[in-house]
Amino acid sequence: MRIQQLREELAAGPVDGVLARFWAEVALVGTPLVEPYDAEHRLVTFLWKEEAPIDTVVVIGGPALWWEIPDNQLEHIPGTDVWFRSYVTRADLRGRYVLSPNDSLKPLETAGTTAAVTRNATFVPDPFNRAPFTLPEIPGDSVSPAQHFSTFALDQATPRAWAAPRPEVPRGTVTDTTLDERRIWWWQSVPRVEDPALLILLDGRDWTEALPIFPTLDNLVAEGLLPPLVAVLPDSVDFATRARELPCNEGFAEFLADELVPWARKLTGATDDPRRTVIAGKSYGGLASVFAGLRRPDVFGNVIAQSGSFWWAPPGESPEWLLRQVDSELPVRFCLDVGLQEGDWMIPQTKRLAAALTPYAEDVLYREYNGGHDLTCWLAELPTELQWAYGSPWR
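Within any chain, residue numbers begin from 1 and follow the written order of that chain's sequence. Under the rules for a predicted model, residues below a pLDDT of 70 receive no local features and side-chain atom pairs below 80 are neither given nor counted, while totals for whole chains, interfaces and linings still include all residues. Water and hydrogen atoms were dropped before computing side-chain values, which therefore reflect all heavy atoms in the structure.

Draft legend 1. Here's a closer look at the sheet that holds strand β8 (residues 147–153). Taken together, 4 strands build an open sheet; the order of strands is β3-β6-β8-β7 and the sheet is antiparallel. With one partner strand each, in any of the chains shown, β3 (57–61) and β7 (132–135) form the two edges of the open sheet. In this sheet, adjacent strand axes meet at a mean angle of 40° when their direction is disregarded. Whether two strands pair comes down to DSSP finding at least two bridges between them. Elements are defined by DSSP. Helices are runs of H or I of four residues or more, strands are runs of E of two residues or more, and each kind is numbered from the N terminus. Note: β7 against β8, 4 bridges, orientation antiparallel. When the sheet's bridge partners are listed, L135 is paired in β8 with Q147. Contacts are residue-level and defined by heavy atoms, with any inter-residue pair within 4.5 Å sufficient. The angle between two axes is taken between their N-to-C directions and runs from 0 to 180 degrees, where each axis is a line fitted to C-alpha atoms and a helix contributes only its stretch in contact. Sitting on the sheet, helix α10 (residues 375–390) is in contact with β6 (94–101), β7 and β8, with an inclination near 175° to β6.

Below is the structure:
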């Protein structure tokens, strides 16, 4: 493999020339380095070029699980500026990652804290990576600065075939407005029709500013894979508001069902048929979407929960509180997905909720993708899940 080849070249010398050629190759092909392993796996190598003396370098993300930081240290090749770590992974892996030079090797701090912001500021994207990704800052929220990542997708990963704008596809209309001082984005497909289907997509800022969803919707509608529809994307405001509203909050569920949806229907003429109405969210938003489906099946007939935080429980309650709320028949269809890199804090909980919903819901679809808790993965998986929710051809 390439690192073994590098070691052999270094042994033959001269070292400076070998290193110059190696880094020129890396700059040309980009990182991480991906090499064949077998039909179903690839060898993925992360690199760091040492510009000043350091003690450790850690990769966080992709196959390098964030709760196993000490196990993901790069190895230094003595007498060189090369640090590396290789993983054998399934060929369908998609991921995002950062590099952390001189990392403390301690567990990550709790998200939404000053300590987490301070620690995250020491992480850097891979300078040789060709696919950077930024989560924009939330203005005015001190615990939500911009975060910069590197991304990759192996050859068998779910393709993001719908995500790029296509010149021949008409673009739907995007409007940025407010409702009760909350920022709302809404998109209406071309062509416009009477009684369009309705999509409520939580965490609107992520789907408009980080990885815009609108080209995906344009392309799917143009191909006849989704019905003409209206998508409404409410903002989560800031970290504290999101952490309060999305985890099974009765008031927020009422806002969605009794304020946002009627407002959207009045504004756009969208359907009032729950069977043609979808609510979708990721992480806490997935939790909120399932909760809304359980509480308001009269409004939301289809639920998509991507990597839902189903481990959550109110203070004083045991984990997986939502699972214990499933106790009656529902005319609702649920799609639950989870990443294979999300580990024991996500996968078993999602499976158990899917099993709990199955006897009561109209339909339950459980899906796994090879990736982590990652917006770049969710964008890749969402087209399939939207087609399932609306029916293809749509109902």
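Draft legend 2. Geometry of the pairing of strand β9 (residues 173–179). Relative to strand β10 (residues 182–188), β9 runs antiparallel, the two being bridged by 7 bridges. In the sheet register, V174 faces β10, and the bridge partner there is W187. What sits between the antiparallel neighbours β9 and β10 is a turn of 2 residues, in which D180 has the positive phi angle 50°.

Draft legend 3. The arrangement of the packing of helix α5 (residues 214–222) against α10 in detail. For the pair α5 and α10, the least separation of the axes is 11 Å and the interaxial angle reads 35°. The chirality of how α5 crosses α10 is right-handed. Where α5 approaches α10, its residues T216, L217 and L220 are matched on the opposing element by L379, P383, L386 and Q387. When the residues that make up the contact of α5 with α10 are grouped by side-chain class, the tally is 5 nonpolar, 2 polar and no charged. Note: crossing handedness is left-handed where the near helix turns anticlockwise from the far helix by less than a right angle, and right-handed where it turns clockwise. Polar here means any residue outside two lists: the nonpolar Ala, Val, Leu, Ile, Met, Phe, Trp, Tyr, Cys and Pro, and the charged Asp, Glu, Lys and Arg; Gly therefore counts as polar.

Draft legend 4. Layout of a nonpolar patch on the surface. The grouping of M1, Y37 and V88 at the surface amounts to a nonpolar patch, some 310 Å² of accessible area in total. Within the secondary structure, M1 is located in the segment before α1 (2–12). Within this analysis, patches are made of residues with over 30% relative accessible area and no salt bridge. Like charges are joined at 9 Å or less; nonpolar side chains (Val, Leu, Ile, Met, Phe, Trp, Tyr) at 5 Å or less. Shrake-Rupley sampling with a 1.4 Å probe provides the accessible areas, and residues are treated as covered by the protein chains on show and by no other component. Just to be clear on terms, a salt bridge is a Lys or Arg side-chain nitrogen sitting within 4 Å of an Asp or Glu carboxyl oxygen.

Draft legend 5. Summary view of the pattern of salt bridges. With the rule as written, the count across this model stands at 28 salt bridges. Of the charged contacts in the structure, one is a salt bridge between R90 and D92, with a shortest N-O distance of 2.6 Å. The cut-offs for exposure are 20% and 50% of the maximum accessible area for each residue type, with area from a 1.4 Å probe on protein chains only; residues under the lower value are buried, those over the upper are exposed, and the others partly exposed. According to the relative accessible area criterion, R90 is partly exposed, its value standing at 39%. Across the pair R276 and D195 runs a salt bridge, and its minimum N-O distance is 2.9 Å. With a gap of 81 residues between them, R276 in the loop between α7 (250–268) and β13 (277–282) and D195 in the loop between β10 and β11 (197–201) connect regions that are remote in the sequence. Overlapping salt bridges bring together D176, R183, R205, E209 and D235 as one network.

Draft legend 6. Local environment of helix α8 (residues 284–295). Compared with the 16 Å implied by 1.5 Å per residue over 12 residues, the 16 Å span of α8 between its first and last C-alpha is a close match. In terms of residue burial, α8 counts as a mostly covered element, since 11 of its 12 residues are buried. Of the positions making up α8, those classed as buried are Y284, G285, G286, L287, A288, S289, V290, F291, A292, G293 and L294. Helices are assigned an expected span. That span is 1.5 Å times one less than the residue count.

Draft legend 7. Broad picture of the pairing of strand β16 (residues 363–369). Here strand β15 (residues 333–339) pairs with β16 via 7 bridges, running parallel. Across the sheet, C335 pairs through a bridge with L365, a residue of β16. When the strands point away from the viewer and the path from the first strand over the helix to the second turns clockwise, the crossover is right-handed. In this fold, the crossover linking β15 to β16 by way of helix α9 (residues 347–357) has right-handed handedness.

Draft legend 8. Representation of α1 in the model. Every buried residue of α1 is listed here: R2, I3, L6 and L10. Along α1, the residues classed as buried sweep out an arc of 95° about the axis, all on the same side. Residues E8, A11 and A12 are exposed on α1 and point more than 90 degrees away from its buried face. If you follow the buried residues of α1, they end up packed against α2 (15–29), β1 (33–38), β2 (41–49) and β5 (82–90). One or two positions beyond α1, positive phi appears at G13, with a value near 65°. This arc describes the spread of directions from the helix axis toward the C-beta atoms.

Draft legend 9. A look at the side chain of D374. Counting through the fold element by element, D374 comes out in the loop between β16 and α10. Whenever a nitrogen or oxygen atom comes within 3.5 Å of another N or O atom, the pair is scored as a polar contact, on the condition that within protein one atom can donate a hydrogen and the other can accept it, and that pairs from neighbouring residues in sequence are kept only if both atoms are in side chains. Engagement of the side chain of D374 in a polar contact is seen with the backbone nitrogen of R96, the distance being 3.2 Å. Ignoring any residue separated from it by four or fewer positions in sequence, one finds D374 in contact with G95 and R96.

Draft legend 10. Layout of the packing of α1 against α2. Taken N-terminus to C-terminus, the directions of α1 and α2 make an angle of 155°; their axes are 9 Å apart at the nearest point. When the interaxial angle is binned, α1 and α2 end up roughly antiparallel. The handedness of the crossing between α1 and α2 comes out as right-handed. Of the residues in α2, those in contact with R2, I3, L6, E9 and L10 of α1 are V15, V18, L19, F22 and E25. Grouping the amino acids of the contact of α1 with α2 by side-chain chemistry returns 7 nonpolar, no polar and 3 charged. Angular relationships are summarised with four words: roughly parallel below 35 degrees, roughly antiparallel beyond 145, roughly perpendicular across 65 to 115, and oblique for the angles in between.

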